[in-house]
Amino acid sequence: KSVSQLGDLAGKRVVVRCDFNVPLDGDKNITDDGRIRAALPTLNELRDAGARIVILAHLGRPKGEPDPKFSLAPVAARLGELLGARVKLATDVVGPSAKATVESLGDGEVALLENVRFEAGEKSKDEAARKELAEKYAAFGDFFVSNGFGVVHRKEASVYDIAKLLPSAAGSLVKAEIDVLEGLTENPKRPFVVVLGGAKVADKLAVIDNLLKVADTLVIGGGMAFTFLKAQGLGVGNSLVDDASIEACTGYLKAAEAAGKRILLPVDVRVASEVDFGARTVGQVDVVPTDAIPADKMGLDIGPATEKLFGDAVRQARSVFWNGPMGVFEIPGLESGTRAVAQALTEINGISVVGGGDSASAVRALGFPEDAFGHISTGGGASLELMEGKILPGIAVLKEGN
Ligand code: 3PG
């Protein structure tokens, strides 16, 4: 169901799950508000309909109890600016402040309850504990709208259990994300090229497995590429390697060859012997071929020949899904590979999808306009799990209908 199918919402209380898990700097300034902006169409649709809006959201991973470090206060302020309306922030999740705040709402007004992960029941494995909390959320609303695409892979009280208790609909963000991502796995325009990067190869093994079935070419860069290079028998110096994943990588390389699919790996890399990830500085950066990485150096970005190789593969695609930066793009001097891949995505004659998390932040941080891409997902883990072909609890529960 969509929001418009819920019926007349004037004066009705609508509980909306949003994904406002945004990056903050040390002074609690939001460094990328993309997820807040992506929620606006649904929130404005509800305000225009005269609904009283109660938002549930999380920030970070507090341990099931209040923790001021993870307060949603910065989000409430930014959301208010973007909506051009006051957002009433409750100082608890289901306690007296939340109750009074919900009670005080007029038609078209917006409340944000504190971080749902301040409640132990939110992420509990115990279904009864989650249900008890979900009942408290449900008491705040007549309807539930699921609009936090980035959390639909989580079986949590504010995502999953509440949808069983109130008449529910998918917000326009969740709908748009599912349409685009399912379209890619079910019926992609070909050639379909998938670009994977980022540091952790283990997180991407399941998605590689599924994508080898549907994609025509798999392009692998970023930190995870070094495990593949090592699986090919190359020396990778001090680069990041996940030894436990080498066997799986060897298997994928063989499976791809047998299926006539291409897996492209870097042919050259940018290396340095000193890097400070906290201070975001790097020593002297050199370009070396991947079969000659010095033993005392660490690969930190793809090199110029690889930028061309990967960029050409992307440019000839009719659909592209990209998840994960090609290098440590946050450090000046190591953003070139990520920029080159992002640039190639903007040039394709077809659909380009940037899959959430770090890659979405990267394209914004590198100054690309959002409309240069077909779709920028707001889901990191959620978009990857959809590409893995998994059934996501927060989507399944909406499809069951209530
Ligand atoms: C995300 O940032 O991918 C989502 O907000 C989910 O957060 P989580 O991984 O802490 O559940």
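This is a predicted model, so every value here is computed, not measured.

Undergrad: How should I be thinking about the layout of surface pockets in this particular structure?
TA: Over the atoms a probe the size of a water molecule is rolled, and this reveals where empty space is left. Approximately 220 Å³ is the volume attributed to the second largest pocket. Lining the second largest pocket we find Lys1, Ser168, Ala169, Ala170, Lys175, Ile178, Asp179, Ile395, Leu398, Lys399, Gly401 and Asn402. Elements that contribute at least two residues to the lining of the second largest pocket include exactly strand 6 (168-170), helix 5 (172-186) and helix 13 (393-400). Grouping the amino acids of the lining of the second largest pocket by side-chain chemistry returns five nonpolar, three polar and four charged.

Undergrad: Just to check I follow, could you spell out the site of the ligand for this structure?
TA: Every residue near the ligand is listed here: Asp19, Asn21, Arg35, His58, Arg61, Arg117, Gly150, Val151 and Arg154. Side-chain polar atom of Asp19 to an oxygen atom of the ligand: 3.1 Å apart, as the coordinates give it. When the free accessible area of the ligand is taken as 310 Å², the share hidden by the protein chains comes to 87%. A class-by-class count of the residues in the shell around the ligand yields one nonpolar, three polar and five charged.

Undergrad: Just to check I follow, could you spell out the side chain of Arg130 for this structure?
TA: Within the secondary structure, Arg130 sits in helix 4 (residues 127-138). In contact with Arg130, not counting residues within four places along its chain, are Gly121, Glu122, Ser124, Lys125, Lys155, Glu156, Ala157, Tyr160 and Asp161.

Undergrad: Honestly, the nonpolar core in this entry has me stumped. Any pointers?
TA: As a rule of thumb, nonpolar side chains are buried together in soluble globular proteins. Membership of the largest hydrophobic core comes to 72 residues, with the highest contact counts inside it found for Tyr137, Ile162, Phe228, Ile263 and Phe321. Among the elements that take part in this core, helix 6 (residues 205-214) stands out by supplying six residues, more than any other. Excluding its chain neighbours within four sequence positions, the residues that come into contact with Tyr137 are Val15, Leu56, Val93, Val94, Val116, Glu122, Ala157, Ser158 and Ile162. Counting 29 residues, the second-largest nonpolar core is a separate cluster that includes Val14, Val16, Leu43 and Val110.

Undergrad: Just checking my understanding: could you explain the pattern of salt bridges for this structure?
TA: Charged atoms that come close allow side chains of opposite charge to pair. Counted according to the given criterion, the structure contains 26 salt bridges. With its nearest N and O atoms 3.2 Å apart, the salt bridge here joins Lys230 to Asp243. Linking Lys230 in helix 7 (residues 225-231) with Asp243 in the loop between helix 7 and helix 8 (246-258), this pair joins segments that are 13 residues apart in sequence. When the shortest N-O distance is used, the salt bridge between Glu347 and Arg315 registers 3.2 Å. Note that Glu347 is positioned in the loop between helix 10 (336-346) and strand 16 (351-354) and Arg315 in helix 9 (residues 304-315), a separation of 32 residues in sequence. With a relative accessible area of 40%, Glu347 lands in the partly exposed category.

Undergrad: Teacher, can you tell me more about unusual backbone geometry here?
TA: Look at the link from Arg190 to Pro191: it is a cis peptide, with omega at 0°. Within the element layout of this structure, Pro191 appears in the loop between helix 5 and strand 7 (192-196). Non-glycine residue Lys28 carries a positive phi angle of around 65°. Looking at where Lys28 falls in the secondary structure, it is placed in the loop between strand 1 (13-17) and helix 1 (34-48). When its relative accessible area of 37% is taken as the criterion, Lys28 is described as partly exposed.

Undergrad: How do you make sense of helix 1 when you look at a structure like this?
TA: Residue pairs three or four apart in sequence face the same way in an α-helix, which turns once every 3.6 residues. Helix length check: helix 1 (15 residues) gives 22 Å between terminal C-alpha atoms against 21 Å at 1.5 Å per residue, within 8%. Of all the bends in helix 1, the largest measures some 35° and sits at Leu40, one to four residues before the proline Pro41. Following helix 1 by one or two positions, Gly50 has its phi on the positive side, about 85°.

Undergrad: Help me understand the sheet that holds strand 8 (residues 217-220), please; the structure alone is not making it clear to me.
TA: In a beta sheet, neighbouring strands are held together by backbone hydrogen bonds and run either parallel or antiparallel to one another. Pairing is parallel across the open sheet formed by six strands, whose spatial order is 9-8-7-15-16-17. Strands at the two margins of the open sheet, each flanked by one partner only, are strand 9 (262-264) and strand 17 (375-376). Bridge analysis of strand 15 (residues 319-323) against strand 16 gives four bridges, and the strand direction is parallel. Its bridge partner lying in strand 16, Ser319 is registered against Ile351. Lying over the sheet, helix 5 contacts strand 7, strand 15, strand 16 and strand 17, oriented at roughly 115° with respect to strand 16. Docked against the sheet, helix 6 engages strand 7, strand 8 and strand 9, running at close to 160° with respect to strand 7.

Cut-offs applied
Residues numbered from 1 in each chain as written. Predicted model: local features only at pLDDT ≥ 70, side-chain atom pairs only at ≥ 80, totals over all residues. Heavy atoms only, no water. 1 Å grid on protein atoms, 1.4 Å probe; cavity = no way out; pocket = protein on both sides within 12 Å on 5 of 7 lines; lining within 4 Å. Points joined across faces, edges and corners; volume = space filled by probe spheres on them. Helix = DSSP H or I, 4+ residues; strand = E, 2+ residues; numbered from the N terminus. Nonpolar A, V, L, I, M, F, W, Y, C, P; charged D, E, K, R; others polar. Near = heavy atom within 4 Å. Polar contact = N/O pair within 3.5 Å; in protein donor to acceptor, adjacent residues only side chain to side chain. Areas by Shrake-Rupley, 256 points an atom, 1.4 Å probe, with all protein chains shown as cover. Contact = heavy atoms within 4.5 Å. Core = buried A, V, L, I, M, F, W, Y, C linked by side-chain atoms within 4.5 Å. Buried < 20%, exposed > 50% of the residue type's maximum accessible area, 1.4 Å probe, protein only. Salt bridge = Lys/Arg side-chain N within 4 Å of Asp/Glu carboxyl O. Expected span 1.5 Å × (residues − 1). Bend = angle between axes of the 7 residues up to and from the residue. Pairing = 2+ DSSP bridges. Axes fitted to C-alpha atoms, helices over the stretch in contact; angles between N-to-C directions.

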